[in-house]
Amino acid sequence: MLQDPRSKAKFNDFLMHWLDLKGKELPSFNTEAFPDFSPALALDLRRSLFRSIERSVWQDRGIWQDFLSLPSVDITESIAQYYNIPFGQKTSATGYVPIKSSSFGRQGIHTHPYLLASHSYAENSSPIHRGVFTSRKVLGRMLRPPKEAVSFSNADFNPEWTMREKVTNLTKPANCMSCHDLINSTGFVLEAFDATGRVRSKIDGKSIDLKVNHLDEDGDEHKLNGPKDLLRLALNSKRSAKSFVEDLFKHLAKQSPHSYSKS
């Protein structure tokens, strides 16, 4: 079945769903805040993500840990220029060249710039959107739908506050923290990336606080200080891989594996 192109097409369609990119438009940003981020760059990034996954899954026959870690990423010269990645004289017929992810501050598939940009606001990063994605998909945790949806508006907060301070204030009610305790911790560790996914060390002159206390599915506390710690937590979690397989099964069989007899 793996040799059949239909299997590959079906799996790639599932990845679109798993990555929360199904039917999603290319990310776009405020031109004043990010004047150099263009639709052409967004398209390059989208292709970069899927080319990188393609090599990891189909060419290198990678295992789950390789998929989650995404140790190398395919980039173009335009991506290299925007994200300050040494590109040198490397060339290829496609224009894409694989480079080591850690060489430009990437630690796991959740730190690919296209995914970071796709889970951001037009002017700012979004710890909430990023936290929901990493909690559900990367860590495989269950999140209940909110009883009352609360929308984020940047204008409602002190303009001198960081996104972490704004989100902490917005979600501090007890009925929010039942889920946001998990969401916030997995979103705050990605604040070292701006809305477009570029690495940053400060926000408006303020140092970025990435330290969080994260409770896993067993109630054990983990101190995280950035995306590398989050990746290590996912790689050591059985729930992460199990959730991915269950989602894949449901996508292919159109029903839960629990619908089948265990006998």
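Since the model is a prediction, treat every value here as computed from it, not as a measurement.

Whenever I open this one, empty space enclosed by the protein confuses me. Can you help?
What the rule picks out here adds up to one cavity of 30 Å³ or more. Roughly 40 Å³ of volume is contained in the largest cavity. Sorting the residues of the lining of the largest cavity by element identifies α5 (113-118) and α6 (127-138) as the ones contributing at least two each. Per-element accounting of the lining of the largest cavity gives the leading share, three residues, to α6. Here the lining of the largest cavity is composed, by residue class, of four nonpolar, three polar and one charged.

Quick question: what am I supposed to make of the environment of A33 here?
Tracing the backbone shows A33 in the loop between α1 (5-18) and α2 (39-59). Take A33: its relative accessible area is 39%, and that puts it in the partly exposed class. For the pair A33 and F11, spaced 22 residues apart in the sequence, the C-alpha separation amounts to 37 Å.

What is the right way to read the nonpolar core from this model?
The tendency in soluble globular proteins is for nonpolar side chains to be buried side by side. Of all hydrophobic cores here, the largest spans 59 residues; its most connected members are L19, F37, I53, F67 and I109. If one sorts the elements of this core by residue count, α2 sits on top with seven residues. Setting aside residues no more than four positions away along its own chain, F37 makes contact with P27, F29, A42, L45, Y82, Y83 and T196. Residues V132, L143, L182 and I183 belong to the second largest nonpolar core, which totals five residues.

What should I look at first to understand the packing of aromatic side chains in this one?
Remark: the centre distance and the inter-plane angle together describe each pair of aromatic rings, the angle taken between the planes. Under the defined criterion, the tally for this structure stands at 13 aromatic pairs. With a centroid separation of 5.3 Å and an interplanar angle of 75 degrees, the aromatic rings of W18 and F244 are classed as edge-to-face. Remark: F244 occurs in helix α10 (residues 238-253) and W18 occurs in helix α1; sequence separation between them is 226 residues. Ring plane angle 70 degrees and centroid distance 4.9 Å describe the contact between Y82 and Y83, whose orientation is recorded as edge-to-face. Taking relative accessible area as the criterion, Y83 reaches 7% and is therefore assigned buried. Through a chain of ring-to-ring contacts, the aromatic side chains of F11, F14, W18, W58, W64, F67, F133 and F244 assemble into a single cluster.

Conventions and cut-offs
- Residues numbered from 1 in each chain as written.
- Predicted model: local features only at pLDDT ≥ 70, side-chain atom pairs only at ≥ 80, totals over all residues.
- Heavy atoms only, no water.
- 1 Å grid on protein atoms, 1.4 Å probe; cavity = no way out; pocket = protein on both sides within 12 Å on 5 of 7 lines; lining within 4 Å.
- Points joined across faces, edges and corners; volume = space filled by probe spheres on them.
- Helix = DSSP H or I, 4+ residues; strand = E, 2+ residues; numbered from the N terminus.
- Nonpolar A, V, L, I, M, F, W, Y, C, P; charged D, E, K, R; others polar.
- Buried < 20%, exposed > 50% of the residue type's maximum accessible area, 1.4 Å probe, protein only.
- Core = buried A, V, L, I, M, F, W, Y, C linked by side-chain atoms within 4.5 Å.
- Contact = heavy atoms within 4.5 Å.
- Phe/Tyr/Trp six-rings, centres within 6.5 Å; stacked < 30°, edge-to-face > 60°.

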